[in-house]
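The residues making up each chain are set out below.
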2 protein chains.
Amino acid sequence: MKIVCSKSDLIEGLNIVSKAVPSKTTMSILECILIDCTKGDIRFLANDMDLGIETIISGTIKEKGVIALDAGLFFNIIRGLPDSEVTIECDGELNTLISCENTAMNIIGKNGDEFSYLPTVEKNNPVIISQLTLKEVIRQTIFSISDNDVNKMMAGELFEINGDNLRVASLDGHRISIRNIKMKNSYNSNKVIIPGKTLNELSKILSGNDEDDVYIYISDKHVIFEFDNTTVVSRIIEGEYFKIDQMLSDNYETKISINKKMLLDCISRATILIKEGDKRPIILNVGDNNIKFHCNTTVGDFNENISVEKEGKDQMIGFNPKFLIDVLKVIDDENINIYLLNPKSPCFIKDEEKNYIYLVLPVNFTTVG
Amino acid sequence: MKIVCSKSDLIEGLNIVSKAVPSKTTMSILECILIDCTKGDIRFLANDMDLGIETIISGTIKEKGVIALDAGLFFNIIRGLPDSEVTIECDGELNTLISCENTAMNIIGKNGDEFSYLPTVEKNNPVIISQLTLKEVIRQTIFSISDNDVNKMMAGELFEINGDNLRVASLDGHRISIRNIKMKNSYNSNKVIIPGKTLNELSKILSGNDEDDVYIYISDKHVIFEFDNTTVVSRIIEGEYFKIDQMLSDNYETKISINKKMLLDCISRATILIKEGDKRPIILNVGDNNIKFHCNTTVGDFNENISVEKEGKDQMIGFNPKFLIDVLKVIDDENINIYLLNPKSPCFIKDEEKNYIYLVLPVNFTTVG
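Report on the accompanying structure. This one's a predicted model, so the numbers in the text were calculated from it and none came from an experiment.

**Here's the deal with helix α6 (residues 321-330) of chain B**
All names here are of chain B.
Link 1 in the chain: When you tally the buried positions in α6, you get eight out of ten residues, the bulk of the element.
Link 2 in the chain: Within α6 the residues assigned to the buried category are P321, F323, L324, I325, D326, V327, L328 and V330.
Link 3 in the chain: The backbone nitrogen of K322 lies 3.0 Å from a side-chain oxygen of the residue at the head of α6, namely N320.

Take a look at the structure:
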């Protein structure tokens, strides 16, 4: 095999496929990136058996062939080269020469035959959304998945298609995150549970450009994301997701309208006094047009007042501050609405159009003073 | 005690004195920052017993007094506040209230009497250099100190004053770094060995401004740096420093002139193939107007050629690549001169005026091929 590519094209390709290289594995072939030039183009592949990524990069094939190279070493070597044309060639003994200007490095590759290629999946009826939208919706929901081994559903997110609506949901037993997205086209109803790890890695390589589309193919065992020159194939989580509609409710006794940044800053400040492992709630004392925030910890106590618009009853309710912070960080609205029923019922943060719905369970607390 | 200061002034003061707060200590009072308002100004102090820092910050004293606050907690609280006026007040029970706009936090301080104030040192005949120069000279020499417990001199740097020349030197048994600085004024001959830790922390709080001066006072046991509103007091390393003049030599058989960036990039690339713990030298094969670099490691081998200007003999010599990289990173010249005698003698990298002299010992290697 012999190919010539620019350093920048190699770096771009490596950046993409390295997201599917496992950090820990006992199978050394999984730590490799496969360079496959047997099909007339230069393909980089990586596959950790749950998640596989293939991308096509620009360059010239001088001699067809295939070689697997240790991902970390290969990436570091390319990064260290001058910004110029790079030649990669290997002989029948897997000796690989990487040369660029006056520099040449010899390393030993692995046999491409040992590599696990991506599974073949039938691709029908893609769902199309922009890269920006997909990247954003992952960011806005991924924080409430759980690594909890008891219920593997919680390690994934539900992607549910109904007509032109895509609903993305995640939950971890304490909170639920839901985003609804209007798509350009309408589709048959379909749903899939996608592993959080796949979505995390995917969001790192999506361009964040609203003009560029992602094609999503859903099959029995796999989901495929196609965009630019890249294909991401992931296993799905099989089974029936939680019935989230039954967990939602539009009942409330108190509706609060509050400046999001002020609320986020206030709760973040309160957590400064909470040492790691010390599970202290932040207590909201909701009065007329004002919330008093209070947090009492092992190192001291915290008090702050914020003016709000309030409809309905006064309330006193406690939350895990981290759960509120996670939600507030991903909402872009300047002002948000919070709906409370009573101190033991979930609180809802949602917009009028229900583009987003966040549910957070309250925690018990003992009143002080 | 009651004071009112802007958040930004508090942050600036905390940034400075926190450099003298030890990361690990069994004495909890050392983890504190002392706020001392007994002398008519607001002073922040920290002292890890080797290094003490005092700085005066702007603000209004409403009530004189003194309190010691846990440095990490205090810093985090101030950082989290709105960008506004902050009031800090404490009662006789050490209860400390930090308030700002609608936020208030209560924490418990420590008794200021437990705090170790900075040692009193007589201040005569300061040596004056600019903050920029001091910051730079530390950066250019600090990498070749050693934590070696066998010889405590190696943990410090020699500051040696002769007339208007300041010579700063450090060595670790494998290499020597020397910088000579012309000062505006002349001084009596004097020298002092300053702990590397002091210089590291000092360089972080120096402004890097050529207009601002540092006043350096040297006494038997301490060295003091005064600049802006800040005083840094450090113990010194007592004893006689190495006779470095005896280690230097102007003899050479080969003089090489080479582009610094090309050399640095080349050696950095070679280290990509060296796994941690694998002590491989980089071998320089110096021929006519050309150096061939070679490095053979457990993962592969590296070859590169660089054109140079050469006077004198051909040479083949090996180095620990890290030692060369450290030197090359701190030299600002575009081209540098390297002087070689033979494969067992030190190599010198120095400029004609001897503003800098770097000595690096070669390593043994077995020739390949």
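Picking up where we left off.
**Thoughts on the packing of helix α3 (residues 131-139) of chain B against helix α4 (residues 196-205) of chain B**
All names here are of chain B.
Link 1 in the chain: Relative orientation of the contacting elements α3 and α4 amounts to 135 degrees, with a least axis distance of 9 Å. When the interaxial angle is binned, α3 and α4 end up oblique. Regarding α3 and α4, the two cross each other, and that crossing is left-handed. Note on element contacts: α4 touches α3 through L199, L202, S203 and K204, opposite L134, K135 and I138.
Link 2 in the chain: Split by residue class, the contact of α3 with α4 holds four nonpolar, one polar and two charged.

**With respect to helix α4 (residues 196-205) of chain A**
Because an α-helix completes one turn every 3.6 residues, residues spaced three or four positions apart along the sequence face the same direction.
Link 1 in the chain: Counting buried positions along α4(A) gives seven out of ten residues, so the element sits mostly inside the fold.
Link 2 in the chain: Looking only at α4(A), the buried set comprises A:G196, A:T198, A:L199, A:E201, A:L202, A:S203 and A:I205.

**Quick look at the sheet that holds strand β11 (residues 156-171) of chain B**
Sheet strands pair by backbone hydrogen bonding; their relative direction is either parallel or antiparallel.
Residue and element names in this part refer to chain B.
Link 1 in the chain: A sheet is described by the order of its strands in space; here seven strands give the open sequence β11-β12-β24-β23-β22-β16-β20, paired in antiparallel fashion. Here the strands that pair on one side only, and so sit at the sheet edges, are β11 and β20 (309-312). Taken pair by pair, the neighbouring strands of this sheet meet at an average axis angle of 20 degrees, ignoring direction.
Link 2 in the chain: One ladder, built from four bridges, connects strand β16 (residues 254-259) with β20; its direction is antiparallel. Note on β20: the bridge partner recorded for T254 is G312.
Link 3 in the chain: Packing against the sheet, α4 makes contact with β11 and β12 (175-195), and its axis sits at approximately 65 degrees to β12.
Link 4 in the chain: The strands touched by helix α5 (residues 260-272) within the sheet are β16 and β22 (335-340), with β16 carrying the most contacts at an inclination of about 90 degrees.

About the criteria used
Residues numbered from 1 in each chain as written. Chains lettered and ligands numbered in written order. Predicted model: local features only at pLDDT ≥ 70, side-chain atom pairs only at ≥ 80, totals over all residues. Heavy atoms only, no water. Buried < 20%, exposed > 50% of the residue type's maximum accessible area, 1.4 Å probe, protein only. Helix = DSSP H or I, 4+ residues; strand = E, 2+ residues; numbered from the N terminus. Polar contact = N/O pair within 3.5 Å; in protein donor to acceptor, adjacent residues only side chain to side chain. Axes fitted to C-alpha atoms, helices over the stretch in contact; angles between N-to-C directions. Parallel < 35°, antiparallel > 145°, perpendicular 65-115°, else oblique. Left-handed = near helix turned anticlockwise from the far one by under 90°. Contact = heavy atoms within 4.5 Å. Nonpolar A, V, L, I, M, F, W, Y, C, P; charged D, E, K, R; others polar. Pairing = 2+ DSSP bridges.

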